[in-house]
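Spelled out from the first residue to the last, the chains are:
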Amino acid sequence: MADIRHIIHLVSKDLLIELRSKEILLSMIIFSLTIILIFNFTYDIGIQAVQRHTPGLLWVAFIFAGTLGLNRSFMREYENGRMEGLLLCPVSRGSIYIAKLVGNVIFMMIIEMVSLPVMVVLLNLDIIKFIPMLFLLLVLGNIGFASVGTLFSAISLHTRSRELMLPIMLFPVTIPVILAAVKSTAFLLNAKPLAEIMPWVRILIGFDLIFTTLCSFLYKYVVED
Amino acid sequence: MIIVDKIEKYFGSQRVLRNLSFKISKGEHVSLLGSNGAGKTTLVKILATLLKPSNGSASIAGFDLLEKADKIRSCIGVVSHQSYLYQDLNAVENLRFYGKMFDVAKLDQRIDDVLQSVNLFHRRFDMVRIYSRGMLQRLLLARALLHRPPVLLLDEPLTGLDVSSRDMFNQFIENLKTHKVTLLSASHDIEHAIHQSDRVLILKDGSLVLDKLSLHITSQELKENLR
């Protein structure tokens, strides 16, 4: 119970700071919109091509923007020794990890809520009837990507070229979650039956459960001596 | 209150602390002196549970450093030259966040009390980013005392402070004696260490070379051991 309370306070603190500084969200949103606009104006794609390419474009924009946010989320804690300040609190290291993960997922969801309508307008997508399922896929995909990303962003802070190291470490490990997210989104937007989508959703759920548990356990070895 | 037993610390093959043993009683104020690289900060970080000793053991308030690190964190306050504070939050928001992390009871009242005691109450709604170095250090002290810790660990807390801020900080630390707070303060300031503490420990190349009551220390001993 105390852990949940601590997680809520940690997430609230991160959201309040972000609300004031807009340091992470603004860069993520601009980055995501830029990718979408470049794709839109580079290719004059027809309806069939839109259906084929949109899921990939969607996740490329969200994952690259998400990587940008992951890079910044822990950097903020390491400025002025704030990470030491957190580690001096009688709070489990797993709680700090989960709070950072929740914060990163919220940031990714916010950029997706901003970017998705732009994409719908530019690519003339009809997603109204898919919204609940698409929301579920976004949440699962974000958790899977951010679970590994949150741990790796803490590791990359101890390396020399930290902003380069994060994608190098992160993308190979998250291939299953990216693949499952793109495939399930593609099936959804092409109005395939639920039976075809569910195997990919199960992969997403499995990845989320395994990596969130594993990373919350491993996190203390990253931040402690 | 603090028991250090044969502690050693290695960074790779480098031995930073060598077989350190000492005890600090409840309410005692002890200064830890030594030249740069003597191992003062490493020792404070070990006692603050931020580093683990390579060998040996230690306990604070009866809790073993390795077994009960969480319990130790609840009963220590740490002030270092790092600020630990969030620039985009004001003083009250910073203290409220840390107070919630420490599960401090009647938090709002406690925040007002500590801010008044470090003379920052009138600036409590200012963003920390506009605080001067002296104000930051006083706010850090307020943060360290928020959960009423019986043990305070200071790591060169006066670094970068001007004379008036130093005086205010020292006066505050002096007042802690009446509250029976046990204090271990790593410092370069010999004069301050001799005058303000009950006992002085001197580290040299990671070894404890002097452990003596402040009243009995001679300038010759200081000169020899701090060379």
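Relevant structure appears above.
All values reported here derive from a predicted model rather than from experimental measurement.

Caption draft 1: Molecular detail of the overall build of chain B. Across its full length, chain B carries eight helices and 10 strands. For 227 residues, the compact-globule estimate of 2.2 N^0.38 gives 17 Å, and the C-alpha radius of gyration of chain B, at 17 Å, lies within 12% of that figure. For the C-alpha atoms alone, the extent of chain B along its principal axes is close to 45 × 40 × 35 Å. Split into buried and exposed, the 227 residues of chain B put 55% on the buried side. Residue pairs in contact within chain B that sit at least 24 positions apart in sequence constitute 66% of those at least 6 positions apart. As displayed, chain B has an accessible area near 10000 Å², and 49% of this comes from carbon and sulfur atoms. Charge separation in chain B, taken as the distance between the mean sites of 31 positive and 25 negative side-chain charges, equals 3 Å.

Caption draft 2: Fine view of the sheet that holds strand S5 (residues 63-64) of chain B. All names here are of chain B. Strand order across the open sheet formed by four strands is S2-S1-S4-S5, with antiparallel pairing between neighbours. Edge strands, defined here as strands with exactly one partner in the open sheet, are strand S2 (14-24) and S5. Sheet topology places strand S4 (residues 55-60) next to S5; two bridges connect them, and they run antiparallel. Following the sheet pairing, Ser 59 is matched in S5 by Asp 64.

Caption draft 3: Focus on the environment of Gly 94 of chain A. For Gly 94 of chain A, the position within the fold is in helix H5 (residues 93-123). As a C-alpha pair, Gly 94 of chain A and Phe 171 of chain A span 77 residues in sequence and 23 Å in three-dimensional space.

Caption draft 4: Molecular detail of the environment of His 195 of chain B. Residues and elements named next belong to chain B. Tracing the chain through its elements places His 195 in helix H7 (residues 190-196). Residues His 195 and Glu 28, 167 residues apart in the sequence, show an inter-C-alpha distance of 14 Å. Among the polar contacts listed, one links the side chain of His 195 to the backbone oxygen of Glu 191, at a separation of 2.9 Å.

What counts, and where the lines are drawn
- Residues numbered from 1 in each chain as written.
- Chains lettered and ligands numbered in written order.
- Predicted model: local features only at pLDDT ≥ 70, side-chain atom pairs only at ≥ 80, totals over all residues.
- Heavy atoms only, no water.
- Helix = DSSP H or I, 4+ residues; strand = E, 2+ residues; numbered from the N terminus.
- Rg over C-alpha atoms; globule rule 2.2 N^0.38 Å.
- Buried < 20%, exposed > 50% of the residue type's maximum accessible area, 1.4 Å probe, protein only.
- Contact = heavy atoms within 4.5 Å.
- Areas by Shrake-Rupley, 256 points an atom, 1.4 Å probe, with all protein chains shown as cover.
- Lys, Arg positive; Asp, Glu negative; His and termini not counted.
- Charge placed at Lys NZ, Arg CZ, Asp CG, Glu CD.
- Pairing = 2+ DSSP bridges.
- Polar contact = N/O pair within 3.5 Å; in protein donor to acceptor, adjacent residues only side chain to side chain.

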